[in-house]
Amino acid sequence: MPAVDVAGEFETIRRLFAPLAHPEWGRGLLDDVAVVPSRAGHDLVLTKDAIVEGVHFLPDDPLDTVARKLMRVNLSDLAAKGAEPFGYLLACHWSERCGWPERMAFCDGLRVDQKAFGVALLGGDTVVTPGPASFSMTMLGWIPKGRTVGRAGARAGDLVFVTGAIGDGWLGLEAVRGRLSLDPERIAALSDHYRIPTPRTEFADPVRDMATSAIDISDGLIADLGHLAEAGRVRIEIDLENVPLSAAGQAWFDGRVDEQAALEKLVTGGDDYEVAFTVGPRDEAAIRREAERRHLRLTRIGRVTAGQGVIARFAGQPVPFDKPGFTHG
């Protein structure tokens, strides 16, 4: 187990994390556990994601944005299951660059998003490490009993939808690395998306009520649709021309000579944190209305058929993918 900076650990907990704790269930962060009462008629849904410096965020990224990204990628998982978030557990592995100002910034980021998404800290751990900084969060949520939307429910005849825009995660990484030639406002929008993605928590209820399967897009659209196809033992067919792009994404795409190659990058890059889901044809109008009520962009990109895997087409022709998305090896 890594050596612990004892004085720094308890001072960090007392001054920075205790104010973020749930007033009752977190027990003031003075105990070794949190105690969460059951909620009648509901299942407890848990998800866990970790982010590592140099892998999921850059070494010079401000730690307030790192904290917010950590929370939001976990919230994205709950949104895709149709769950309502309420609290989280946190583990911080501070590197040498994480002094007191950096720790304060990290907690400021948590504070902002706790208020935005209605969650509170329940407990966790904080240590120091000689390696790169890393952070892990376990997010907890509630869902009506037996209503969790899984990966395995898609059936032939279902329609495939995606929220928001695809490709901004990969383009955002390119932007913060200085690899894009776009107008400053486009660069800023893409950089913001990479550092602080938007989980579709406001769409959790319609996903829960109507989706037959769902997943959040973290590893790339093609890879994550592949998870739905594998779990449901079906084929998912999409038309790359229908994949929705943001204004910044469209500006980048319009400058590409090879449109197919450009789309391949956008649908395999990952870090979008939109929700891809399948829904029966009879619910198409209703799911579109729910998106309109929330002013949320919703795009039908394909269909579910008998078979297996994901078939992506461009100009009517199948597109092979050597690498459908991001993997950690």
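Structural notes, computed from the coordinates. All residue numbers here refer to positions counted from 1 along the written sequence of the relevant chain. The predicted nature of this model means local features are confined to residues of pLDDT at least 70 and side-chain atom pairs, given and counted, to a pLDDT of 80 or more, with totals for whole chains, interfaces and linings taken over all residues. Note that water and hydrogens are dropped before the side-chain values are worked out from all heavy atoms of the structure.

### With respect to the overall build of the protein
Consideration 1: Within the protein one finds 10 helices and 11 strands.
Consideration 2: In terms of overall dimensions, the protein has C-alpha extents of about 65 × 50 × 35 Å along its principal axes.
Consideration 3: Here the term buried applies to any residue with accessible area under 20% of the maximum for its type, exposed to any over 50%, and partly exposed to those in between, with areas from a 1.4 Å probe on protein chains only. For the protein, with 329 residues in total, the buried portion stands at 52%.
Consideration 4: Each accessible area is a Shrake-Rupley result for a 1.4 Å probe, and residues are judged covered by the shown protein chains and nothing else. Summed over its atoms, the accessible surface of the protein is roughly 15,000 Å², and 51% of this surface lies on carbon and sulfur atoms.
Consideration 5: Positive charge is attributed to Lys and Arg, negative charge to Asp and Glu, and no charge count is given to His or to the chain ends. Where a charge lies is defined by one atom per residue type: Lys uses NZ, Arg uses CZ, Asp uses CG and Glu uses CD. Positive and negative side-chain charges in the protein, numbering 37 and 47 respectively, have mean positions lying 4 Å apart. Strands here mean DSSP runs of E at least two residues long; helices mean DSSP runs of H or I at least four residues long; both are numbered from the N terminus.

### Considering the sheet that holds strand S4 (residues 134-144)
Consideration 1: A pair of strands is treated as paired once DSSP finds two or more bridges between them. Read from one edge of the open sheet, four strands run S1-S4-S2-S3, paired in mixed fashion. Only two strands of the sheet have a single neighbouring strand rather than two, namely strand S1 (42-52) and strand S3 (120-128). This sheet shows a mean twist of 15° between the axes of neighbouring strands, independent of strand direction.
Consideration 2: One ladder, built from eight bridges, connects strand S2 (residues 84-94) with S3; its direction is parallel. Along S3, the bridge assignment pairs Tyr 88 with Leu 121.
Consideration 3: A contact between two residues is defined here by any heavy atoms of the two lying within 4.5 Å. To define axes, lines are fitted to C-alpha atoms, for helices over the stretch in contact only, and angles between the resulting N-to-C directions are given on a 0 to 180 degree scale. Along the sheet, helix H2 (residues 63-81) makes contact with S1, S2 and S4, crossing S4 at roughly 30°.
Consideration 4: Helix-sheet contacts for helix H3 (residues 100-117) involve S2, S3 and S4, and the interaxial angle to S2 is about 170°.

### Examining the sheet that holds strand S11 (residues 317-318)
Consideration 1: Taken together, the seven strands give an open sheet; going across it, the order is S6-S8-S5-S9-S7-S10-S11, and neighbouring strands pair in mixed fashion. In the strand order of this sheet, the two ends are held by strand S6 (211-216) and S11, each with one partner.
Consideration 2: Two elements, S6 and strand S8 (residues 275-279), share five bridges in a ladder whose sense is antiparallel. Residue pairing across strands places Ala 211 opposite Val 279, the latter belonging to S8.

### What about the packing of H2 against H3?
Each pair of packed helices gets described by two things: the angle between the helix axes and the distance between those axes.
Consideration 1: Relative orientation of the contacting elements H2 and H3 amounts to 40°, with a least axis distance of 6 Å. Considering their axes alone, H2 and H3 lie oblique with respect to each other. Note that H2 runs across H3; the crossing there is right-handed. Contacts between H2 and H3 involve Leu 63, Asp 64, Val 66, Ala 67, Arg 68, Leu 70, Met 71, Arg 72 and Leu 75 from the first element and Glu 102, Ala 105, Phe 106, Gly 109, Leu 110, Val 112, Asp 113, Gln 114 and Phe 117 from the second.
Consideration 2: Polar here means any residue outside two lists: the nonpolar Ala, Val, Leu, Ile, Met, Phe, Trp, Tyr, Cys and Pro, and the charged Asp, Glu, Lys and Arg; Gly therefore counts as polar. Tallied by class, residues from the contact of H2 with H3 come to 11 nonpolar, two polar and five charged. Roughly parallel means an angle under 35 degrees; roughly antiparallel means over 145; roughly perpendicular covers 65 to 115; every other angle is labelled oblique. For any pair of crossing helices, the crossing counts as left-handed if the nearer helix is rotated counterclockwise from the farther one by less than a right angle, and right-handed if it is rotated clockwise.

### Topic: the nonpolar core
Consideration 1: The biggest cluster of nonpolar side chains holds 36 residues, and the ones touching the most others in it are Leu 221, Leu 225, Ile 236, Ile 238, Leu 240 and Trp 252.
Consideration 2: In terms of residue count, helix H7 (residues 221-232) provides more of this core than any other element does, five residues in total.
Consideration 3: Each residue touching Leu 221, except ones within four places of it in the same chain, is listed here: Ile 166, Ile 238, Val 243, Val 267, Ala 276 and Ile 301.
Consideration 4: Buried Ala, Val, Leu, Ile, Met, Phe, Trp, Tyr and Cys residues that are joined via side-chain atoms within 4.5 Å together make up what is termed a nonpolar core. Counting residues in each nonpolar core, the second largest holds 30 residues, with Phe 17, Leu 20, Val 66 and Leu 75 among its members.

### Thoughts on the packing of aromatic side chains
Consideration 1: By convention, a stacked pair of Phe, Tyr or Trp rings (six-membered ring in the case of Trp) has centres within 6.5 Å and planes under 30 degrees apart, an edge-to-face pair has planes over 60 apart, and any other such pair is tilted. Applying the stated criterion to the full structure yields eight aromatic pairs.
Consideration 2: Here the aromatic rings of Phe 57 and Phe 135 are separated by 6.3 Å at their centres, their planes lie at 40°, and the arrangement is tilted. Residue Phe 57 is found in the loop between S1 and H2, and its partner Phe 135 is found in strand S4; the two are separated by 78 residues along the sequence.
Consideration 3: You can call Phe 57 buried: its relative accessible area is 2%.
Consideration 4: Given the relative accessible area of 1%, Phe 135 is considered buried.
Consideration 5: On the numbers, 5.2 Å between centres and 15° between planes, the contact of Phe 86 with Trp 142 is stacked. Placement of the pair is Phe 86 in strand S2 and Trp 142 in strand S4, with a sequence separation of 56 residues. Note on accessibility: Phe 86 and Trp 142 belong to one class, buried.
Consideration 6: What links up through ring pairs into an aromatic cluster is the set Phe 57, Trp 94, Phe 106 and Phe 135.

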